[in-house]
Amino acid sequence: MAVGLHRNAQIVINKNAIFKNIKTEKDKLNADTSLFAVVKANAYGHGAIEVANVAKKAGADGFCVAILDEALELREAGISEPILVLGISRVEDVKIIVENNISVAVSSLKWLQEAEKLMKAECIKGSLQLHLALDTGMGRIGFQSVSELETVVSYIKQHSDLNVEGIFTHFSTADSKDSSYFDKQLNRFNEMKSFLLTNFNPKYVHVSNSATSLWHSECNGNMIRFGVAIYGLNPSGNDIDLPYPLNPALSLTSEIVHCKLVSKGYSIGYGATYTTKSDEWIGTVPIGYADGFSRKMQGFYVLIDGIKCKIVGRVCMDQFMVKLPYQVNTGTKVVIIGSSNNETITLFDIAQYCDTIHYEVSCNLSNRLPRFYV
Ligand code: PLP
């Protein structure tokens with residue numbers, strides 16, 4: 001994909017914000033608790049390699065990604081810290097996994113048996129570092145009961161090239177005010193954990209995403225998987241107050257590339273969905289849904305000179321139009337995410353308007369938008 005280095009639109013990532021968010025959390029953790037920075041999906045749209053390098057400086061002990069390629073991208077960039085792939089990796093990639101010293105989540109006996117077969121058939125040297133996923137109520141991946149684990153444990157014990165490096169679960173409601181379902185999951189985890197700890201001595205026991213570590217730190221275990229908070233975002237949106245301030249790291253800005261006076265009764269954009277109510281100054285911003293700026297943003301606003309300017313007409317693939325308070329020069333700065341004078345638009349504001357979550361908004365920002373690090 002072509003990165004738009006010659007366009008009037010950019011994402012700016014504040015490295016210091018990321019550094020502070022990680023350092024503050026790391027300083028709060030017990031000394032024996034590792035912080036793994038979750039940098040999957042290109043670090044939630046912030047840039048995996050750049051974020052990983054800042055995270056290391058801020059004290060991150062390892063990294064979590066979703067797929068093997070994301071782990072390999074970090075290795076190729078010289079990241080030598082532990083990396084855990086949180087999703088289910090393909091068995092046929094077991095050689096790449098071992099050779100690159102990557103740890104993987106495991107969720108079934110069948111996967112282990114097939115991996116073991118390949119290890120033998122391909123004479124793979126070294127051992128497979130496993131994190132046993134425990135499904136305590138998320139219903140996504142993981143072993144679901146002690147009885148299921150019994151056969152898994154006995155299989156692993158018979159194969160010295162399978163090493164249980166970690167056991168973990170994932171909560172589905174850690175960002176909720178009501179902790180009843182969270183408590184149920186925790187009980188199930190504790191039951192399976194007790195059984196596993198009588199059989200293995202894993203280096204890592206981990207349950208915490210950002211929300212869990214922020215609001216339920218007492219059950220952290222000795223490692224956390226710190227994701228969205230790294231980027232300065234409250235995992236709950238605005239449902240639960242943060243225990244300490246987080247610093248949003250991402251801003252998205254552009255420029256007015258065209259400004260014109262349009263007479264009353266003129267239509268703007270595909271489908272002619274907006275018609276000027278009087279003579280209006282209309283500006284064009286060169287960002288569109290191909291950049292991850294959703295069509296649902298019609299009717300929202302951007303900031304120009306600290307003034308909220310409404311997005312009029314449909315968002316096109318590469319451009320959208322705004323109603324201006326007055327004539328502006330081309331080149332006038334447009335803030336889409338970030339601050340202008342006393343006004344701020346957050347990823348969360350955009351998410352709310354689009355009826356989604358801020359995670360999705362930042363992940364969707366496409367690689368066509370260049371990312372600059374300050
Ligand atoms: N752990 C697992 C298993 C995840 O799937 C995720 C994110 O989806 C995280 C940790 C990080 O979550 P968060 O970004 O909410 O901190």
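None of these values were measured; they are calculated from a predicted model.

*Asks:* Quick one: what's the story with helix H3 (residues 48–58), residue by residue and with numbers?
*Replies:* When we look at burial in H3, the residues that qualify are Ala48, Val51, Ala52, Val54, Ala55 and Ala58. For H3, the angular spread of the buried residues around the axis is 165 degrees, confining them to a single face. Where H3 is buried, its residues meet helix H1 (15–28), strand S2 (34–38), helix H2 (40–44), strand S3 (62–65) and helix H4 (68–76). Following H3 by one or two positions, Gly59 adopts a phi angle in the positive range, close to 110 degrees.

*Asks:* How would you summarise the environment of His170 if you had to cite specific residues and measurements?
*Replies:* As for its placement among the helices and strands, His170 is situated in the loop between strand S7 (162–169) and helix H8 (180–197). Setting aside chain neighbours within four positions, we find His170 in contact with Leu134, Thr136, Met138, Arg140, Gln185, Asn209 and Arg225. A distance of 3.1 Å separates a polar atom in the side chain of His170 from a polar atom in the side chain of Arg225.

*Asks:* If you had to explain the nonpolar core to someone new, which residues and values would you point to?
*Replies:* Ranked by internal contacts, the top residues of the largest apolar core, which has 119 residues, are Trp111, Leu128, Phe320, Val322 and Ile336. Taken domain by domain, this core gets at least three of its residues from each of domain 1 (32–231) and domain 2 (250–373). Setting aside residues no more than four positions away along its own chain, Val322 makes contact with Ile256, Trp281, Ile282, Gly283, Val285, Val302, Ile304, Cys309, Lys310, Ile311 and Val312. Residues Val262, Tyr274, Ile282 and Met321 belong to the second largest nonpolar core, which totals seven residues.

*Asks:* Describe the side chain of Thr284, with residues and values.
*Replies:* Along the chain, the position of Thr284 falls in strand S14 (residues 280–285). Setting aside chain neighbours within four positions, we find Thr284 in contact with Glu255, Ile256, Val257, His258, Lys260, Gln319, Phe320 and Met321.

*Asks:* Which residues make up the UniProt feature "active site" (unreviewed entry) in the chain, and what values go with them?
*Replies:* Sequence positions flagged by UniProt for "active site" (unreviewed entry) are, in local numbering, Lys40 and Tyr270. Sequence-wise these annotated residues cover 231 residues; spatially they are dispersed, their C-alpha atoms as much as 35.1 Å apart. Checked against the element boundaries, Lys40 lands in helix H2. By secondary structure assignment, the location of Tyr270 is in the loop between strand S12 (267–268) and strand S13 (274–275). Once residues within four sequence positions are removed from consideration, Tyr270 is found in contact with Arg314 and Cys316.

*Asks:* Which residues make up the sheet that holds strand S6 (residues 128–134), and what values go with them?
*Replies:* Spatially, S2-S3-S4-S5-S6-S7-S8-S9 is the arrangement adopted by the eight strands of the closed barrel, whose pairing is parallel. Averaged over all pairs of adjacent strands, the angle between their axes in this sheet comes to 30 degrees, without regard to strand direction. Sitting on the sheet, H8 touches S6, S7 and strand S8 (204–208), and the angle it makes with S7 is about 160 degrees.

*Asks:* Explain the site of the ligand to me, using residue names and the numbers behind them.
*Replies:* Taken together, the neighbourhood of the ligand is formed by Val38, Lys40, Tyr44, Leu86, Arg140, His170, Asn209, Ser210, Arg225, Gly227, Val228 and Tyr359. Here Lys40 contributes a side-chain N or O atom positioned 2.7 Å from an oxygen atom of the ligand. Measuring from an oxygen atom of the ligand, one finds a backbone N or O atom of Gly227 at 3.1 Å. Out of a free accessible area of 400 Å², the ligand has 91% covered by protein chains. In terms of residue class, the shell around the ligand is made up of five nonpolar, four polar and three charged.

*Asks:* Hey, could you go over the packing of aromatic side chains for me, with residue numbers and the actual values?
*Replies:* All told, the structure shown has seven aromatic pairs when counted by the stated rule. Ring geometry for Phe36 versus Tyr204: centroids 5.2 Å apart, planes at 75 degrees, classification edge-to-face. Of this pair, Phe36 sits in strand S2 while Tyr204 sits in strand S8, and the two are 168 residues apart along the sequence. Tyr204 carries the same exposure label as Phe36, and that label is buried. Taken together through their ring pairs, the aromatic side chains of Tyr44, Tyr231 and Tyr359 make up a single cluster.

*Asks:* Explain the domain arrangement of the chain to me, using residue names and the numbers behind them.
*Replies:* Assigned domains of the chain: these are domain 1 (32–231) and domain 2 (250–373). Inter-centroid distance (C-alpha atoms) of domain 1 to domain 2 is 39 Å. With eight residues of domain 1 at the contact, the number on the domain 2 side is seven residues. Of all residues in domain 1, the largest losses of buried area upon contact with domain 2 belong to Tyr44, Gly45 and His46, amounting jointly to 56% of the total for that side.

*Asks:* Now, about the pairing of S6: what can you tell me, with residues and values included?
*Replies:* Counting buried residues in S6 gives seven out of seven residues, a clear majority hidden from the surface. Sheet analysis places strand S5 (residues 103–106) next to S6, joined by three bridges and oriented parallel. Following the sheet pairing, Val104 is matched in S6 by Leu130. In this fold, the crossover linking S5 to S6 by way of helix H6 (residues 109–121) has right-handed handedness. Pairing geometry for S6 and S7, over seven bridges, is parallel. The partner of Leu128 across the bridge, within S7, is Leu162. With respect to chirality, the unit in which S6 leads through helix H7 (residues 146–157) into the neighbouring parallel S7 is right-handed.

Thresholds, definitions, all that
Residues numbered from 1 in each chain as written. Predicted model: local features only at pLDDT ≥ 70, side-chain atom pairs only at ≥ 80, totals over all residues. Heavy atoms only, no water. Buried < 20%, exposed > 50% of the residue type's maximum accessible area, 1.4 Å probe, protein only. Helix = DSSP H or I, 4+ residues; strand = E, 2+ residues; numbered from the N terminus. Arc of directions from axis to C-beta. Contact = heavy atoms within 4.5 Å. Polar contact = N/O pair within 3.5 Å; in protein donor to acceptor, adjacent residues only side chain to side chain. Core = buried A, V, L, I, M, F, W, Y, C linked by side-chain atoms within 4.5 Å. Domains from an automatic or database assignment. UniProt positions renumbered as here; feature names shortened; annotations may be inferred. Pairing = 2+ DSSP bridges. Axes fitted to C-alpha atoms, helices over the stretch in contact; angles between N-to-C directions. Near = heavy atom within 4 Å. Areas by Shrake-Rupley, 256 points an atom, 1.4 Å probe, with all protein chains shown as cover. Nonpolar A, V, L, I, M, F, W, Y, C, P; charged D, E, K, R; others polar. Phe/Tyr/Trp six-rings, centres within 6.5 Å; stacked < 30°, edge-to-face > 60°. Buried area = accessible area lost by both parts, 1.4 Å probe. Right-handed = clockwise from strand over helix to strand, strands pointing away.

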